[in-house]
Amino acid sequence: MSRYVLHQNSTINIDARDYQILFLSSFLFLGIFTLGWDTDLLKYSLLIGSCLSLQYAARIIFDLKLSSLKSAMITSLGLCILVQASHWYWYLLIAFIAIGGKFILRYEGKHYINPANFGIIATILLTDQVWISPGQWGNLAILFFIIGCLGFIVTYKVNRLDLSIVFLMSFLILEFSYQVLYLQWPLDHLIQGFTNGGFLLFTFFMITDPVSTPAHKTMRKFWALGIAILAFIIKEFYYVPSAPFWALFYLAFTTPLLTYLFPAKIFLWKNTTQNITLKTNN
Amino acid sequence: MNKIKIIIPIILLSLFFVTDSFAFCGFYVAKADAKIFNKASQVIIARDGNKTVITMSNDFQGNVKDFALVVPVPQVLQEKNIRVVDRNIFDKLDAYSAPRLVEYHDPAPCNIYPSTAKRKMSIAGGRADMVVEMEATKEESDADLGVTIQAKYNVGEYDILILNATQSNGLKKWLTQNGYKIPRNAEEVLDPYIKSDMKFFVAKVNLKKQEQNGYTNLRPLQITMNSPKFMLPIRLGMANGKGNQDLIIYTLTKKGRVECTNYRTIKMPTGMDMPTFIKNDFGNFYSDLFKKRWERNRGKAVYLEYSWDISPRNFVKCDPCVSPAPNFSDMQRAGAWWVEGSQNENVHFTRLHVRYNRRKFSQDLVFQTTPNKTNFQARYVLRHPYQGDVSCSQGQNYVHTLIDRREKELDNLEYYTGWDSYNYNNYISDWEDKIERKKYKKGSANPFGENPWAVILFLLLNASVVISVLKLKRIK
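Residues numbered from 1 in each chain as written. Chains lettered and ligands numbered in written order. Predicted model: local features only at pLDDT ≥ 70, side-chain atom pairs only at ≥ 80, totals over all residues. Heavy atoms only, no water.

### Describing the overall build of chain A
From N to C terminus, chain A includes 12 helices and 6 strands. The buried share of chain A, reckoned over its 282 residues, is 56%. Excluding contacts between residues fewer than 6 apart, the proportion of contacts in chain A whose partners are at least 24 apart in sequence is 79%. (Helix = DSSP H or I, 4+ residues; strand = E, 2+ residues; numbered from the N terminus. Buried < 20%, exposed > 50% of the residue type's maximum accessible area, 1.4 Å probe, protein only. Contact = heavy atoms within 4.5 Å.)

This is the structure in structure tokens:
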């Protein structure tokens, strides 16, 4: 009988991406089992499979670390949660654009687009056969709480909490001033929009991607403010559902300029790594 | 720098994207203090690009002189943009897309190989009518108001005004003074609509015209608008108190299914076997099923009841069809202006059902058109047992499976509608009597039903957990 043996003093490296993978997959399960999303296994396996295999191919070409697959896993889970398409083959295109964009749109050795966001919006622009359902999350208070807490942990770990908070607060102030103070909607009209699961996911899990956000501390706060303002304009004056996603898509292209003007230390995943050493006596 | 070159065309490209979707709905307000019972309101929305044609059903039951309608619209409508259409277009779309029953008849179990027996299928139609109460409130009226009449039309039996208002108090007073009652809960949205630069489309019945026309019922109003907004202003029509209102929305689009962007769009449960006795009570059955679903989702959702590609070239317009599918002239009457009857036109039909109240629905309904062309229908299956001789051994097996099936049907009924299956004992016991030697034991002790694989999987899982726990202990 074979026996599974742990190596003595073996080390498990856990970085912030592992938390993200854990949390994002829990949201996917939550969606399928409590919110009644379609259990479209083909979709999920296509997205995850193609993202991982593309990343694996890129790993061979660019000689990347094995742990870069974690990033692809996060992208694919984000896609599983957010995107819907009219045919299965569009999922392949989304994955291709998401992972491909990551290796083409680079500046100073790092990509400046958020892969999942770029994959979705670029495919919408190119094909019009893909869509985001902002309504699919509903407005459960408990969901609001869970996503908020878990998002807080992840953004704190990758040191991007400032970004989330600036975005959330400035968007809230803009929406409050316009909807409640100017248009005079009752307050619950405003709250409805902010308790949307998709919006929170965007706030804590999408714009906080540490690689594609500007590294300079002050600049990234202005950058988050810019996303909030653009999202507000797109939402209130162009009536586009899921406006924040569009805002991030456009503003991602300003990141190289910001990085050029305000250079700062590049983010490395390994800086978030916790070493957990298991002592075994076997 | 090469990267910058890539960026610019993408930004330019994306600036040209067209915003998805948009439209409107109305609400009926009672004039004076008449208490009115309205059936579920119905709206047809045809939309492509920024153009929206919206048709509002009018099942106002009461004295026609008490009828009054107020709809916020995004622009001053021209006379050519307003017309009245025949009421039967609603009946047609409703009958076509209503939740449906499908019936199957079991073949004779004796002397027939079940695999070769064909199942006869027939269709029973039926739909649930829900009654909604709308209340009017008492308000005092006053003069001098900041309300301007931007246009005045007479269309069919209606007198129509397009109002522009500068402040909510003035508008409220104007409406009250002229006999339009806004529910108290809805007043809070007048300001937001005015500030969003909405105009108010108000309609009353011209009694003389109505007599001349000889129509006893009021016909639906259809208005055409151009706006990027794809929404239904339900807030203005919200009645007082906790009352729930039902609204059925039929949409016709070129692209595909319509879904709500600020509330969840949930599919109604479909395809389950249900006890045969619901056939005569289908209205109540569906009404309770909807209610249960609505309660499970805490009220906050929009329900998809039907979604089908009804393009002229698509031959299968329903499965099964409860009533004839809308033809191209029906689609035109429903507002789908792009349909002319040729084979390469696209029309997708969606039926959404929403039960709303002030507490759960703080925002107006906002929609988007998705490229999703998947067909969907709310369909419930009735399987009628074979009524002849079941004394042969195959027949006895059949009775056993039939009893199991009927137990499942009752479970389904209880789960989906909340009806107590205890009240329908004879639905099963009638067949237990047909078992010749009473061997049959009701209920099964095996929690996994008849699937042995589930048991094996369960045991394997448990074993692996136990083994891994033991191993971990040893490691320590």
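Next comes the rest of the account.
### Some thoughts on the overall build of chain B
A count of helices and strands for chain B gives 10 helices and 23 strands. The buried share of chain B, reckoned over its 476 residues, is 52%. Within chain B, contacts between residues at least 6 apart in sequence are counted, and of these 82% link residues at least 24 apart. Total accessible area on chain B stands at roughly 22200 Å², and carbon and sulfur atoms take up 51% of it. (Areas by Shrake-Rupley, 256 points an atom, 1.4 Å probe, with all protein chains shown as cover.)

### Regarding the sheet that holds strand 21 (residues 365-369) of chain B
All names here are of chain B. An order of 14-21-16 is seen for the 3 strands of this open sheet, with the pairing classed as antiparallel. Each edge of the open sheet carries a strand with a single partner, namely strand 14 (231-232) and strand 16 (258-260). The sheet contact formed by strand 16 and strand 21 spans 3 bridges and is antiparallel. Counterpart to cysteine 260 in the pairing with strand 21 is phenylalanine 367. (Pairing = 2+ DSSP bridges.)

### Observations concerning the environment of Thr276(B)
Residue and element names in this part refer to chain B. Secondary-structure assignment places threonine 276 in the loop between strand 18 (273-274) and helix 6 (282-296). The exposure class of threonine 276 is buried, given its relative accessible area of 14%. Apart from residues lying up to four places away in sequence, threonine 276 is in contact with Leu382, Arg383, His384, Arg406, Glu409 and Tyr427.

### Brief notes about the state of the cysteines
Residues and elements named next belong to chain A. Throughout the structure, instances matching the rule amount to 1 disulfide over all chains. Cysteine 51 supplies the cysteine sulfur nearest to cysteine 80, a cysteine that is in no disulfide, at a spacing of 7.9 Å. Owing to a relative accessible area of 1%, cysteine 80 belongs among the buried residues under this scheme. (Disulfide = S-S within 2.5 Å.)

### Some points on the packing of aromatic side chains
Under the counting rule described, the total for this entry stands at 45 aromatic pairs over all chains. Measuring from ring centre to ring centre gives 5.6 Å for Tyr96(B) and Phe349(B), while their planes differ by 75°; the resulting arrangement is edge-to-face. Taken together, the positions of Tyr96(B) in helix 2 (residues 88-97) and Phe349(B) in strand 20 (residues 348-356) put the pair 253 residues apart, joining distant regions of the chain. Residues Tyr96(B) and Phe349(B) agree in their burial class; the two are buried. Aromatic ring contacts, followed pair by pair, group Phe282(B), Phe285(B), Tyr286(B), Phe290(B), Tyr303(B), Tyr380(B) and Trp419(B) into a single cluster. In this arrangement the basic side chain of Lys195(B) is found over the ring face of Tyr182(A), its NZ or CZ atom lying 5.8 Å from the centre. Arg355(B) extends its terminal NZ or CZ atom over the ring of Trp294(B), reaching a point 5.9 Å from the ring centre. (Phe/Tyr/Trp six-rings, centres within 6.5 Å; stacked < 30°, edge-to-face > 60°. Lys NZ or Arg CZ within 6 Å of the ring centre and 35° of its normal.)

### Section: the packing of helix 2 (residues 41-62) of chain A against helix 4 (residues 88-104) of chain A
Residue and element names in this part refer to chain A. At a closest axis distance of 9 Å, the pairing of helix 2 and helix 4 adopts a crossing angle of 30°. Classed by the angle they form, the pair helix 2 and helix 4 counts as roughly parallel. As helix 2 packs across helix 4, the resulting crossing turns out to be right-handed. Here Leu42, Lys43, Leu46, Leu47, Ser50, Cys51, Leu54, Gln55, Ala58 and Phe62 of helix 2 come into contact with helix 4, specifically with Trp88, Tyr91, Leu92, Ala95, Phe96, Ile99, Lys102 and Phe103. Split by residue class, the contact of helix 2 with helix 4 holds 14 nonpolar, 2 polar and 2 charged. (Axes fitted to C-alpha atoms, helices over the stretch in contact; angles between N-to-C directions. Parallel < 35°, antiparallel > 145°, perpendicular 65-115°, else oblique. Left-handed = near helix turned anticlockwise from the far one by under 90°. Nonpolar A, V, L, I, M, F, W, Y, C, P; charged D, E, K, R; others polar.)

### Concerning the nonpolar core
Counting residues in each nonpolar core, the largest one holds 105 residues, and the members touching the most others are Phe27(A) and Phe205(A). Each residue touching Phe205(A), except ones within four places of it in the same chain, is listed here: Gln20(A), Phe23(A), Leu24(A), Phe27(A), Ile147(A), Leu150(A), Gly151(A), Val154(A) and Leu200(A). Among the nonpolar cores identified, the runner-up in size contains 44 residues, and Val71(B), Ile82(B), Phe201(B) and Leu221(B) belong to it. (Core = buried A, V, L, I, M, F, W, Y, C linked by side-chain atoms within 4.5 Å.)

### Regarding the pairing of strand 13 (residues 221-226) of chain B
Residues and elements named next belong to chain B. Summarising burial for strand 13: 5 of the 6 residues are buried, a large majority. One ladder, built from 3 bridges, connects strand 6 (residues 82-84) with strand 13; its direction is antiparallel. Across the sheet, residue isoleucine 82 finds its bridge partner in strand 13, namely isoleucine 223.

### Thoughts on the pairing of strand 3 (residues 41-48) of chain B
Residues and elements named next belong to chain B. By the criterion of burial, strand 3 is predominantly enclosed, with 7 of the 8 residues buried. Sheet topology places strand 3 next to strand 4 (residues 51-56); 6 bridges connect them, and they run antiparallel. Paired with valine 43 across the strands is methionine 56, a residue of strand 4.

### What to know about the pattern of salt bridges
Residues and elements named next belong to chain B. By the definition in use, this model includes 20 salt bridges over all chains. For the salt bridge of glutamate 305 with arginine 351, the shortest nitrogen-to-oxygen distance reads 2.7 Å. With glutamate 305 in strand 19 (residues 301-309) and arginine 351 in strand 20, this residue pair connects regions lying 46 residues apart in the sequence. Accessibility assignment for this pair places glutamate 305 and arginine 351 in one class, buried. With a shortest N-O distance of 3.5 Å, arginine 405 and glutamate 409 are connected by a salt bridge. With a gap of 4 residues between them, arginine 405 and glutamate 409 both fall in helix 8 (residues 393-417), about one helical turn apart. (Salt bridge = Lys/Arg side-chain N within 4 Å of Asp/Glu carboxyl O.)

### Points about helix 7 (residues 161-182) of chain A
What sets the pattern is the α-helix's 3.6 residues per turn: residues three or four places apart point alike. All names here are of chain A. Here helix 7 spans 30 Å end to end across 22 residues, near enough to the 32 Å set by a 1.5 Å rise per residue. Along its length, helix 7 reaches its greatest deviation from straightness, about 30°, at phenylalanine 176. Positive backbone phi, at 65°, marks glutamine 184, one or two positions downstream of helix 7. (Expected span 1.5 Å × (residues − 1). Bend = angle between axes of the 7 residues up to and from the residue.)

### Brief notes about unusual backbone geometry
Backbone geometry at Gln184(A) places phi at a positive 65°, although glycine is not the residue there. Looking at where Gln184(A) falls in the secondary structure, it is placed in the loop between helix 7 and helix 8 (187-194). Phi angles above zero are rare outside glycine, and Asp197(B) is one such case at about 65°. Looking at the element boundaries, Asp197(B) is found in the loop between helix 4 (190-195) and strand 12 (199-205).

### Observations regarding a nonpolar patch on the surface
All names here are of chain A. There is a patch of nonpolar side chains on the surface, built from Phe152, Tyr156, Ile165, Met169, Leu172 and Ile173 and spanning about 600 Å² of accessible area. For the nonpolar patch, the secondary structure elements donating two or more residues are helix 6 (141-157) and helix 7. The element best represented in the nonpolar patch is helix 7, accounting for 4 residues. Relative to the assigned elements, leucine 172 resides in helix 7. (Patch = residues over 30% accessible without salt bridge, like charges linked within 9 Å, V, L, I, M, F, W, Y side chains within 5 Å.)

### Looking at the confidence of the model for chain B
Residues and elements named next belong to chain B. Averaged over all residues, the pLDDT of chain B is 77; the fraction at 70 or higher stands at 78%. Confidence scores differ between elements of chain B, with strand 9 (residues 131-134) showing the lowest mean pLDDT of 30 and strand 16 the highest of 94. Note on residues 1-38: pLDDT under 50 across the span, and 130 contacts to partners over four residues away in sequence or across chains. Across residues 113-143, where pLDDT falls below 50, the model places 86 contacts with residues more than four positions away in sequence or in other chains. (pLDDT = per-residue confidence, 0-100.)

### Overview of the environment of Leu413(B)
All names here are of chain B. Locating leucine 413 in the fold gives a position in helix 8. Once the C-alpha coordinates of leucine 413 and methionine 274 are considered, the two residues, 139 residues apart in sequence, prove to be 6.3 Å apart. With sequence-adjacent residues up to four places away left out, leucine 413 is seen in contact with Met274, Pro275, Phe277, Ile278, Phe285, Gly418, Trp419 and Tyr424.

### Thoughts on the confidence of the model for chain A
Averaged over all residues, the pLDDT of chain A is 86; the fraction at 70 or higher stands at 90%. Considering only residues more than four positions removed or in separate chains, one finds that residues 1-6 of chain A, a stretch of pLDDT under 50, has 7 contacts.

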